Amino acid sequence: MDQNQFNPALLKLAREERGLSQKELAEALCIQQSSVCKYEAGDLIPSNETIKSISKLFGYQSTFFFQDDLPVYSGLIFHRKRTSLSAKKRTRLEAEARLRAMDVLYLFKRKGLKSNIISRENVNDGPIDNLTKLLEDNYIVVLSFKFDAEELDGFVLNVDNVVCIAMNNDNGFSPDRQRFTMCHELAHALLHQNVFPDKTTESEADKFAAEFLAPRKAIESDLVWPLTFGQLEQLKRKWKISIASLVYRAHAIGNISDVIYRRIMMFMSSYGLRKHEPDCGLVPETPSLLNNMIQEFFTETQDALSRLKLSEWRFNERYNLSGGLSEMPVGKS
């Protein structure tokens, strides 16, 4: 696409990110809905004044809408509980993650980076202390932001050998649940490209996550039954996976029977432990790769705004950098 050509796909993506309909955008811009429809169809180019208004409304610089829209593909089709997620929320979340992933691709391409395939054999057999760091050490980017949708834990985006995992960081999602979700989405990125989602793909992703977080050969000796609930809490603290997952692993390994497994799950459900387990001291893991790359790549805030084509408020909203970039030494890249 010509750098001087308005890109209607990016207008649609920016609108969807904010959860606006074409009618609502038209009202915000004080123009006809038919005009917005024509803009997004590529049948009409907005005036310079309209583009300025659009840019101000969405928090992007005008040049944002004159670039190629990068083909960032979303794995949102794989996510669990997808039937209960409204189409409007789904579209908004996918758009926000795709726009964030465009920043990732910009930085990765200029540094010649790509995501590595992680083999569990190359990770110590024991518990993974910080899964987020392990992923980011292998240039798998964790995009953590509030979904404002309890129906969805996360989903994966994968393009040009770069994997991004969009994670819901709402307070209701426990650290062990977030770790399992990251592994589940990693499985989709590794195993299910160009595969239509069904119960099999979800089951495969769950099995991958369970084995990745707690390899059978490493955890089998820890799951010798019977175990008290207190012992299960200690194992949760050690392996950083939920008590329910520990029971599931014991059943999958063959250490407990189907009958015992069902009884334990019924017990946990009756006491509300399936939804609210003891936290056992686990704390959320914080992604840092993208923020670190921004601080390394750009010399000052204005440089970042210009290259990423963001307004200052949108940049600050997306990247909460303590101290900002303006205090960095000139020439750091």
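Calculation criteria
- Residues numbered from 1 in each chain as written.
- Predicted model: local features only at pLDDT ≥ 70, side-chain atom pairs only at ≥ 80, totals over all residues.
- Heavy atoms only, no water.
- Helix = DSSP H or I, 4+ residues; strand = E, 2+ residues; numbered from the N terminus.
- Buried < 20%, exposed > 50% of the residue type's maximum accessible area, 1.4 Å probe, protein only.
- Contact = heavy atoms within 4.5 Å.
- Areas by Shrake-Rupley, 256 points an atom, 1.4 Å probe, with all protein chains shown as cover.
- Lys, Arg positive; Asp, Glu negative; His and termini not counted.
- Charge placed at Lys NZ, Arg CZ, Asp CG, Glu CD.
- Patch = residues over 30% accessible without salt bridge, like charges linked within 9 Å, V, L, I, M, F, W, Y side chains within 5 Å.
- Salt bridge = Lys/Arg side-chain N within 4 Å of Asp/Glu carboxyl O.
- Disulfide = S-S within 2.5 Å.
- Core = buried A, V, L, I, M, F, W, Y, C linked by side-chain atoms within 4.5 Å.
- Polar contact = N/O pair within 3.5 Å; in protein donor to acceptor, adjacent residues only side chain to side chain.

Chemist: What's the story with the overall build of the protein in this structure? I'm lost.
Modeler: Counting its regular elements, the protein contains 15 helices and three strands. Expressed as lengths along the three principal axes of its C-alpha atoms, the size of the protein is roughly 70 × 45 × 35 Å. Counting across all 333 residues of the protein, residues that qualify as buried make up 49%. Taking the intrachain contacts of the protein between residues at least 6 apart in sequence as the baseline, contacts between residues at least 24 apart amount to 69%. Only carbon and sulfur atoms are counted for the fraction: they give 49% of the accessible area of the protein, which is about 17000 Å². Within the protein, one finds 43 positive and 44 negative side-chain charges whose respective centroids are separated by 2 Å.

Chemist: Please clarify how unusual backbone geometry should be interpreted in this entry.
Modeler: If a residue is not glycine, its phi is most likely negative; likewise, a peptide bond is most likely trans. With an omega of 5°, the peptide bond running from Trp225 to Pro226 counts as cis. Mapped onto the fold, Pro226 is located in the loop between helix 9 (216–219) and helix 10 (229–239). Located in the positive-phi region is Asp148, a residue other than glycine, with phi close to 55°. By the secondary structure assignment, Asp148 is in the loop between strand 1 (141–145) and strand 2 (154–159). Classification of Asp148 as exposed rests on a relative accessible area of 55%.

Chemist: Just checking my understanding: could you explain a nonpolar patch on the surface for this structure?
Modeler: There is a patch of nonpolar side chains on the surface, built from Ile117, Leu190 and Leu191 and spanning about 290 Å² of accessible area. The residue Ile117 is located in the loop between helix 5 (87–111) and helix 6 (131–137) in this model.

Chemist: When you look at the pattern of salt bridges in this model, what are you seeing that I'm missing?
Modeler: Side-chain pairs of opposite charge can arise whenever the charged atoms involved come near each other. A complete count under the given rule lists 21 salt bridges for this structure. Two residues, Asp137 and Lys133, come together in a salt bridge whose shortest N-O distance is 2.8 Å. In this pair, Asp137 and Lys133 are both assigned in helix 6, four residues apart and thus about one turn of the helix distant. On the basis of relative accessible area, Lys133 is assigned to the partly exposed category, the value being 48%. Note that Arg216 is salt-bridged to Glu220, the shortest N-O span being 3.9 Å. For Arg216, a relative accessible area of 37% puts it in the partly exposed group. One salt-bridge network, held together by shared partners, links Glu17, Arg18, Asp103, Arg314, Glu317 and Arg318.

Chemist: Sorry if this is basic, but what is going on with the state of the cysteines here?
Modeler: Note on terminology: a disulfide is the covalent bond linking the sulfur atoms of two cysteines. A full pass over the atoms with the stated rule returns zero disulfides. In this structure Cys183 is a free cysteine whose sulfur lies 17 Å from that of Cys164, the closest cysteine sulfur available. The thiol of Cys280 is unpaired, and the distance to the nearest cysteine sulfur, on Cys183, comes to 19 Å.

Chemist: In this structure, what is going on with the nonpolar core? I would like to understand it.
Modeler: A general tendency of soluble globular proteins is for nonpolar side chains to be buried together. Counting 54 residues, the largest nonpolar core has Phe65 and Phe315 as the members making the most contacts within it. Considering every element that reaches this core, the biggest residue donor is helix 5, with eleven residues. Leu131, Ile165, Leu235 and Met268 belong to the second largest nonpolar core, which has 41 residues in total.

Chemist: Looking at this structure, how should I read the side chain of Asp153?
Modeler: Note that Asp153 resides in the loop between strand 1 and strand 2. Residue Asp153 is classed as buried on the basis of its relative accessible area of 12%. Within the structure, the side chain of Asp153 is placed 2.6 Å from the side chain of Arg177, a separation counted as a polar contact.

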